[in-house]
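Commentary on secondary and tertiary structure
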Amino acid sequence: MEIINRKQRMASIARKLRRESKTVGFVPTMGALHEGHITLVKEARQMSDIVIVSIFVNPTQFAPNEDFDRYPRDLTADAAMLAEYEVDYVFAPETSEIYVPGFSTYVYVDGLTETLEGASRPGHFRGVATVVTILFNTVRPDLAFFGSKDAQQVGVIKRLTRDLGFETEIVVVPTVREELGLAMSSRNAYLSEEERAKASIIYHALRDAKLAFKNGERNASTIAQIVEEKIASEPLARIDYVAVVSNDDLEPVEKIEDSEVLVAVAVRFGKVRLIDNVVLNRKQ
Ligand code: AMP
């Protein structure tokens, strides 16, 4: 496994791999790796000849009041973990490698980015879309792996891949959870032990939504209410949003019919903001 810091070197290796007709699988991350990331890596390992993982805490996707400075960083531990899973290259650039001096070009995905996380975190998806574009341009992967925990991010990346003509297939991997149901996240490290245990209420609420749907409930606002009431029953939880939207365009739905519906939530526990979701009517 080679750790690469320079964008030029990453690009030249990527060119060589293409010449050799190797299938390149790419897993973009912000590090502080956990089982969720590793599941993406394992999937990439199975589907590709060469696996490249990027570790880059992307400043442009954090708002000024967010946790960019205190976001957990441990490249040594991350690299040791990735070596175990037979990753070929780790791309871990400095900020100035990605955002060159005088940088002024951003990628903005219209429509999809205005709701949910986009509404709560202005500028977030502009940062995500911009960095993913730079990374895709450098690595030119055949396959790129993303987690469905960040459902809106998946929608944004699929759209930009199509619109900008990247020849990259986006592979979506199901959410990996802790034993009690909390979705794994690098930010879980900020939770106290008590908060971490109590935060599993989020998953229980989403499971209640699935159950209600299975039992015939088709009214989106009733589903949302079930989720809200369950989460609100936990005194440490503060709901940012509960949304029941189309899984295609993230527009609100009233009646749930045949198409896939995303039930997405953002909830604060203390200073930590957690997101999670389930899909109703999942088409295989
Ligand atoms: P991050 O390092 O948080 O930017 O995440 C990097 C990638 O890992 C993204 O595609 C995430 O959606 C994915 N990911 C994060 N947490 C999980 C999880 N619990 N299960 C599956 N994928 C995840």
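Residues numbered from 1 in each chain as written. Predicted model: local features only at pLDDT ≥ 70, side-chain atom pairs only at ≥ 80, totals over all residues. Heavy atoms only, no water.

1. Digging into the pairing of strand 7 (residues 237–246)
Residues in a regular strand point their side chains to alternate faces of the sheet. With 7 of 10 residues buried, strand 7 lies mostly within the body of the structure. As defined by bridge partners, strand 7 adjoins strand 8 (residues 261–269) across 9 bridges and the pair is classed as antiparallel. Each residue of the ladder has a partner; that of Tyr 241, found in strand 8, is Ala 266. (Buried < 20%, exposed > 50% of the residue type's maximum accessible area, 1.4 Å probe, protein only. Helix = DSSP H or I, 4+ residues; strand = E, 2+ residues; numbered from the N terminus. Pairing = 2+ DSSP bridges.)

2. Here's the deal with the packing of helix 1 (residues 7–19) against helix 6 (residues 124–139)
Contact pair helix 1 / helix 6: the axes reach a minimum separation of 7 Å and the direction vectors enclose 50°. Between helix 1 and helix 6, the crossing angle belongs to the class labelled oblique. Where helix 1 abuts helix 6, its residues Lys 7, Met 10, Ala 11 and Ala 14 lie against Ile 134, Thr 138 and Val 139. For the contact of helix 1 with helix 6, a count of residues per class yields 5 nonpolar, 1 polar and 1 charged. (Axes fitted to C-alpha atoms, helices over the stretch in contact; angles between N-to-C directions. Parallel < 35°, antiparallel > 145°, perpendicular 65-115°, else oblique. Contact = heavy atoms within 4.5 Å. Nonpolar A, V, L, I, M, F, W, Y, C, P; charged D, E, K, R; others polar.)

3. Looking at the domain arrangement of the protein chain
Domain assignment breaks the protein chain into domain 1 (2–173) and domain 2 (186–278). The partner domain 2 presents 16 residues to the 20 residues of domain 1 that form the contact. Of the roughly 1600 Å² buried where domain 1 meets domain 2, counting both sides, 51% is carbon and sulfur surface. Three residues, Arg 70, Leu 116 and Glu 117, lead the burial of domain 1 against domain 2; their summed loss comes to 33% of the area buried on that side. A salt bridge links Arg 273 to Glu 117; the shortest N-O distance between them is 2.8 Å. Our count for the contact surface shared by domain 1 and domain 2 stands at 11 residue pairs in polar contact (both at pLDDT 80 or more). Counting residues per element, the ones that place at least two in the side of domain 1 that touches domain 2 are helix 5 (116–120) and helix 7 (151–163). If one sorts the elements of the side of domain 1 that touches domain 2 by residue count, helix 5 sits on top with 3 residues. (Domains from an automatic or database assignment. Buried area = accessible area lost by both parts, 1.4 Å probe. Salt bridge = Lys/Arg side-chain N within 4 Å of Asp/Glu carboxyl O. Polar contact = N/O pair within 3.5 Å; in protein donor to acceptor, adjacent residues only side chain to side chain.)

4. Here's the deal with the layout of surface pockets
In this model, the second largest pocket occupies a volume close to 480 Å³. Val 154, Lys 158, Asn 247, Glu 260 and Arg 282 are, among the 22 residues lining the second largest pocket, the residues nearest its centre. Going through the elements one at a time, helix 7, strand 6 (169–173) and strand 9 (272–280) are the ones with two or more residues in the lining of the second largest pocket. Ranked by residues supplied to the lining of the second largest pocket, first place goes to helix 7 with 7 residues. For the lining of the second largest pocket, the domains that each give at least three residues are domain 1 (2–173) and domain 2 (186–278). (1 Å grid on protein atoms, 1.4 Å probe; cavity = no way out; pocket = protein on both sides within 12 Å on 5 of 7 lines; lining within 4 Å. Points joined across faces, edges and corners; volume = space filled by probe spheres on them.)

5. A few points about the nonpolar core
Ile 52, Ile 98 and Phe 136 are the most contacted members of the largest nonpolar core, which has 42 residues in total. Domain assignment of the residues forming this core places at least three in each of domain 1 (2–173) and domain 2 (186–278). Those residues within four positions of Ile 52 in sequence are excluded, and the remaining contacts are Met 10, Leu 17, Val 24, Gly 25, Phe 26, Val 27, Tyr 89 and Val 139. In terms of nonpolar packing, the next biggest core, distinct from the first, is built from 28 residues, Ile 201, Ala 212, Val 227 and Val 263 among them. (Core = buried A, V, L, I, M, F, W, Y, C linked by side-chain atoms within 4.5 Å.)

6. Brief notes about a nonpolar patch on the surface
Nonpolar side chains collect at one region of the surface, where Met 1, Ile 3 and Leu 75 lie side by side and expose about 250 Å² of accessible area between them. Within the element layout of this structure, Met 1 appears in the segment before strand 1 (2–4). For Met 1, a relative accessible area of 44% puts it in the partly exposed group. (Patch = residues over 30% accessible without salt bridge, like charges linked within 9 Å, V, L, I, M, F, W, Y side chains within 5 Å. Areas by Shrake-Rupley, 256 points an atom, 1.4 Å probe, with all protein chains shown as cover.)

7. Describing the site of the ligand
Around the ligand, 17 residues are found, and the nearest of them are Met 30, His 37, Asp 150, Val 176 and Met 184. A distance of 2.6 Å separates an oxygen atom of the ligand from a polar side-chain atom of Asp 150. For the ligand, a nitrogen atom lies 2.8 Å from a polar atom in the backbone of Val 176. Summarising the interface, the protein chains cover 93% of the accessible area of the ligand, which totals 490 Å² for the free molecule. Those elements that place two or more of their residues in the shell around the ligand are strand 2 (24–29), helix 2 (35–47) and strand 5 (143–147). Considering each element in turn, the shell around the ligand owes the most residues, 3 residues, to helix 2. Class assignment of the residues belonging to the shell around the ligand gives a composition of 8 nonpolar, 7 polar and 2 charged. (Near = heavy atom within 4 Å.)

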